[in-house]
Amino acid sequence: MRAIHVHAYGGPEALRLEEAPRPEPQAGEVLMRVHAVGVLPVEWKIRQGLFRSFQPVTFPYISGSAFAGVVKSVGAGVTAFAPEQAVFGRSATGAYAEYVTAAVETLALKPDTLSFDEAASISGGATTAWTALFDNARVQAGQRVLIHGAAGGVGSFAVQFARWKGAQVIGTASTANLEFVRSLGAETVIDYTTVPFEQVARDVDVVLDTLGGETLRRSMQVVRPGGVLVSLIEPPSQEEAQALGIRAIKNTATQPYPSTSLLQTIASLIAAGEIRVTLAQVFPLEEASRAHELSQTGHGRGRIVLHIAD
Ligand SMILES: NC(=O)c1ccc[n+]([C@@H]2O[C@H](COP(=O)([O-])OP(=O)(O)OC[C@H]3O[C@@H](n4cnc5c(N)ncnc54)[C@H](OP(=O)(O)O)[C@@H]3O)[C@@H](O)[C@H]2O)c1
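Small disclaimer: the values here were computed from a predicted structure and weren't measured.

Broken down by element type, the chain carries 9 helices and 16 strands. Relative to the 2.2 N^0.38 estimate, which gives 19 Å for 310 residues, the radius of gyration of the chain is 19 Å and therefore close to what a compact globule would have. Projected onto the principal axes, the alpha-carbon positions of the chain cover approximately 55 × 40 × 35 Å. Relative to its 310 residues, the chain shows a buried fraction of 54%.

Below, the structure written as structure tokens:
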């Protein structure tokens, strides 16, 4: 099969299209033909070596995890899926490839109304937003929720989920994405390029931090006492959280992640038209390095996807 290998840490050019052996499904696993794979920022961070101290890789490896495809065969003991079913979810073995294996626990059936490209944007985007908002922050109807990076692969789902739950959403985005974030259901949108967000967002119940660093530090100040900040990027200072009387945590997820039931819940909301998917740009597999270049800008609207088969 064709797959994108990384042989050494480096820039986008480190992604190389090469032949690779087709994986075999082990017990409890499913083999799929991959039709589309989401490009997650974590993938360029790993490729650059930014995570080498705490998440080292063995070279060569195949990048990618969030995929949608069609079941080709199942390993021993698998009864939940059968050949020719369209599915989506997460693989631990590298999904920038024509075939991939995944554990049954991290797969779900793809609704017919979702394209493969759309379904590939759910894991790592929608699943992260859902878990951070509802499992970690326990967002409730009527709460005020500040979502940073509201136009992105995670943020574009987070805005819609918080709104769907009945929360009031404040989103941050650059000028070009303000209308887009409003169209997702944010009541207030702050242009972070012209207005410090703390001038508009104060005493919020929940902050979803997708940026870390200075944005995280400044965000702690806008949470009301008793409120919650969840960062996708780094553990917030516990001393500061205590002094402010807030709960501030790095996001966590229970295993298996994302579970079949979480994937199904999200896919049903999308199929019902409650939540919509936005694709930033779609590239063919051989242009994976261009997709990483785009992801590395840190700007954009929705999820970048590699389209591998129709
Ligand atoms: N820990 C986890 O479990 C986990 C899971 C998923 C993602 N993440 C991390 O979370 C981050 C976001 O992921 P993603 O997939 O949403 O990335 P993405 O699709 O690249 O989106 C990033 C968004 O951030 C916005 N942005 C950039 N600078 C900003 C600023 N100063 N203030 C507000 N918004 C700003 C951009 O909007 P504009 O174009 O308008 O600037 C863009 O829409 C990444 O660093 C990723 O690695 C962590």
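Time to look at helix α4 (residues 155–165). Across the 11 residues that make up α4, a large majority, 8, are buried. Where α4 is concerned, the buried positions are Gly155, Ser156, Phe157, Ala158, Val159, Gln160, Phe161 and Ala162. The inward-facing, buried residues of α4 contact α3 (122–136), β9 (144–147), β10 (168–173), α5 (178–183), β12 (204–209) and α8 (260–271). Taken from the residues just after α4, glycine 166 is the one with a positive phi, measuring 100 degrees.

Under the domain assignment, the chain is made up of domain 1 (2–121 + 277–307) and domain 2 (128–250). On the domain 2 side, the residues contacting the 9 residues of domain 1 number 11 residues. Between domain 1 and domain 2, a total of about 710 Å² is buried, with carbon and sulfur atoms accounting for 46% of that surface. In this structure, the connection of domain 1 to domain 2 is made through 0 salt bridges. At the surface where domain 1 touches domain 2, the tally comes to 4 residue pairs in polar contact (both at pLDDT 80 or more).

Topologically, glycine 10 is positioned in the loop between β1 (2–6) and β2 (15–19). In the structure, glycine 10 is positioned 178 residues away from threonine 188 in sequence and 39 Å away in space, judged by C-alpha atoms. For glycine 10, the contacting residues outside a window of four places in its chain are Arg47 and Gln48.

Before going further, it helps to examine the pairing of strand β3 (residues 29–39). Consecutive side chains along a regular strand alternate between the two faces of the sheet. For β3, a buried count of 9 out of 11 residues is recorded, marking the element as mostly surrounded by other parts of the structure. Relative to strand β7 (residues 99–103), β3 runs antiparallel, the two being bridged by 5 bridges. Following the sheet pairing, leucine 31 is matched in β7 by threonine 101. By the bridge criterion, 7 bridges tie β3 to strand β5 (residues 66–74) in an arrangement that is antiparallel. Paired with leucine 31 across the strands is serine 73, a residue of β5. In this sheet, strand β16 (residues 303–307) lies alongside β3 in antiparallel orientation, the contact comprising 4 bridges.

Quick look at the pattern of salt bridges now. Opposite charge on two side chains makes pairing possible when the charged atoms of those side chains draw close. Scanning all chains against the criterion turns up 9 salt bridges. For the salt bridge of arginine 2 with glutamate 98, the shortest nitrogen-to-oxygen distance reads 3.2 Å. Here arginine 2, found in strand β1, pairs with glutamate 98, found in the loop between β6 (86–90) and β7; they are 96 residues apart in sequence, far enough to count as distant. Classification of glutamate 98 as buried rests on a relative accessible area of 14%. Among the salt bridges present, the one from glutamate 214 reaches arginine 218, with a minimum N-O distance of 3.1 Å. Separated by 4 residues within a single helix, glutamate 214 and arginine 218 lie in helix α6 (residues 213–220), roughly one turn from each other. On the basis of relative accessibility, which here comes to 24%, the residue arginine 218 falls in the partly exposed class. Overlapping salt bridges, with partners in common, bring together Arg2, Glu98 and Glu286 in one network.

Before going further, it helps to examine the site of the ligand. Every one of the 26 residues lining the ligand counts as a neighbour, but Lys45, Ser174, Tyr192, His299 and Gly300 are closest to it. Asparagine 251 is positioned with one of its side-chain polar atoms (N or O) 2.9 Å from an oxygen atom of the ligand. Here an oxygen atom of the ligand sits 2.6 Å away from a polar atom, N or O, in the main chain of glycine 300. Within the complex, 82% of the 930 Å² of free accessible area of the ligand lies under protein. Sorting the residues of the shell around the ligand by element identifies α1 (41–48), α3 and β10 as the ones contributing at least two each. With 3 residues, the top contributor of residues to the shell around the ligand is α1. Among the residues making up the shell around the ligand, the classes are represented as 9 nonpolar, 14 polar and 3 charged. Both domain 1 (2–121 + 277–307) and domain 2 (128–250) contribute no fewer than three residues apiece to the shell around the ligand.

Parameters at a glance
- Residues numbered from 1 in each chain as written.
- Predicted model: local features only at pLDDT ≥ 70, side-chain atom pairs only at ≥ 80, totals over all residues.
- Heavy atoms only, no water.
- Helix = DSSP H or I, 4+ residues; strand = E, 2+ residues; numbered from the N terminus.
- Rg over C-alpha atoms; globule rule 2.2 N^0.38 Å.
- Buried < 20%, exposed > 50% of the residue type's maximum accessible area, 1.4 Å probe, protein only.
- Contact = heavy atoms within 4.5 Å.
- Domains from an automatic or database assignment.
- Buried area = accessible area lost by both parts, 1.4 Å probe.
- Salt bridge = Lys/Arg side-chain N within 4 Å of Asp/Glu carboxyl O.
- Polar contact = N/O pair within 3.5 Å; in protein donor to acceptor, adjacent residues only side chain to side chain.
- Pairing = 2+ DSSP bridges.
- Near = heavy atom within 4 Å.
- Areas by Shrake-Rupley, 256 points an atom, 1.4 Å probe, with all protein chains shown as cover.
- Nonpolar A, V, L, I, M, F, W, Y, C, P; charged D, E, K, R; others polar.

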